[in-house]
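# Architecture at a glance
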Amino acid sequence: MTVQDTSIEGFTLRVEKRFVQRVRGDYEWMLTLLDERTQVHPQWMCTEANGDAKIGVSRGKDATPQEGVKRSWVFWSSVPKDAGSSVSGIALGGMLLLIVAMICLPGIGDDLGTAPWVRSFLRDGLRHLGMSVRQFLNS
């Protein structure tokens, strides 16, 4: 069974010739389409020349399982987490910390020529941050 057409009122389904005899129109069906489940009611059926059938069904009750709304005073408990993101985030943070430590260390940083650059960057950054805070407090 394939969905041929969708509309606000319902769906048009195409049923292959070999399955037409199994279709019963006297009860409701559950139509699963992508991630949604809808209870449908058969409205009409017509047989085509090749033996396939078209069935018109109207929408009934939406039976898609809904995720419950979590109510909690703790903010971070309601945020969904991806299982792999925490491990990869820790690994990325560790590698970044290792690279920064290697560049900043006096022995390795001096050999690479990056230690004086990092020190001046930090000194200038802290100086500009202090000036911005003073201007904010004085205004």
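A brief report on the enclosed structure follows.

Rules of the game
- Residues numbered from 1 in each chain as written.
- Predicted model: local features only at pLDDT ≥ 70, side-chain atom pairs only at ≥ 80, totals over all residues.
- Heavy atoms only, no water.
- Helix = DSSP H or I, 4+ residues; strand = E, 2+ residues; numbered from the N terminus.
- Buried < 20%, exposed > 50% of the residue type's maximum accessible area, 1.4 Å probe, protein only.
- Contact = heavy atoms within 4.5 Å.
- Core = buried A, V, L, I, M, F, W, Y, C linked by side-chain atoms within 4.5 Å.
- Pairing = 2+ DSSP bridges.
- Salt bridge = Lys/Arg side-chain N within 4 Å of Asp/Glu carboxyl O.
- Axes fitted to C-alpha atoms, helices over the stretch in contact; angles between N-to-C directions.

Right, let's get into the overall build of the protein chain. Each helix and strand in the protein chain was counted, giving 3 helices and 5 strands. Starting at the N terminus, the α and β elements of the protein chain follow one another as β-β-β-β-β-α-α-α. Within the protein chain, buried positions represent 17% of all 139 residues. In the protein chain, the share of contacts with a sequence separation of at least 24, taken over all contacts with a separation of at least 6, comes to 38%.

The subject of this paragraph is the nonpolar core. Listed in full, the 11 residues of the largest apolar core are Phe-11, Leu-13, Val-15, Val-20, Val-23, Trp-29, Leu-31, Val-40, Ala-53, Ile-55 and Val-57. Elements represented by at least two residues in this core include exactly β2 (10-15), β3 (29-33) and β5 (53-62).

Turning our eyes to something else, we now look at the pairing of strand β1 (residues 2-6). Direction of pairing for β1 relative to β2: antiparallel, over a ladder of 4 bridges. Opposite Thr-2, over in β2, you have Arg-14 as the bridge partner. Hairpin geometry of β1 and β2 is characterised by an intervening segment of 3 residues between the two adjacent antiparallel strands.

Here we come to the pattern of salt bridges. Taken as a whole, this structure holds 6 salt bridges when the rule is applied. A salt bridge links Arg-14 to Glu-48; its shortest N-O distance comes to 2.7 Å. Taken together, the residues Arg-14 in strand β2 and Glu-48 in the loop between β4 (36-47) and β5 connect sequence positions 34 residues apart. For Glu-48, a relative accessible area of 24% translates into the label partly exposed.

A sheet is described by the order of its strands in space; here 5 strands give the open sequence β1-β2-β5-β4-β3, paired in antiparallel fashion. Both edges of this open sheet fall to β1 and β3, since each of them pairs with a single strand only. Direction aside, neighbouring strands of the sheet carry axes that sit 45 degrees apart on average. Relative to β5, β2 is paired through 6 bridges, and the arrangement is antiparallel. Bridging across to β5, Leu-13 finds its partner in Ile-55.

A word on the side chain of Thr-38. Take Thr-38: it is sitting in strand β4. By relative accessible area, which is 5% here, Thr-38 ends up buried.

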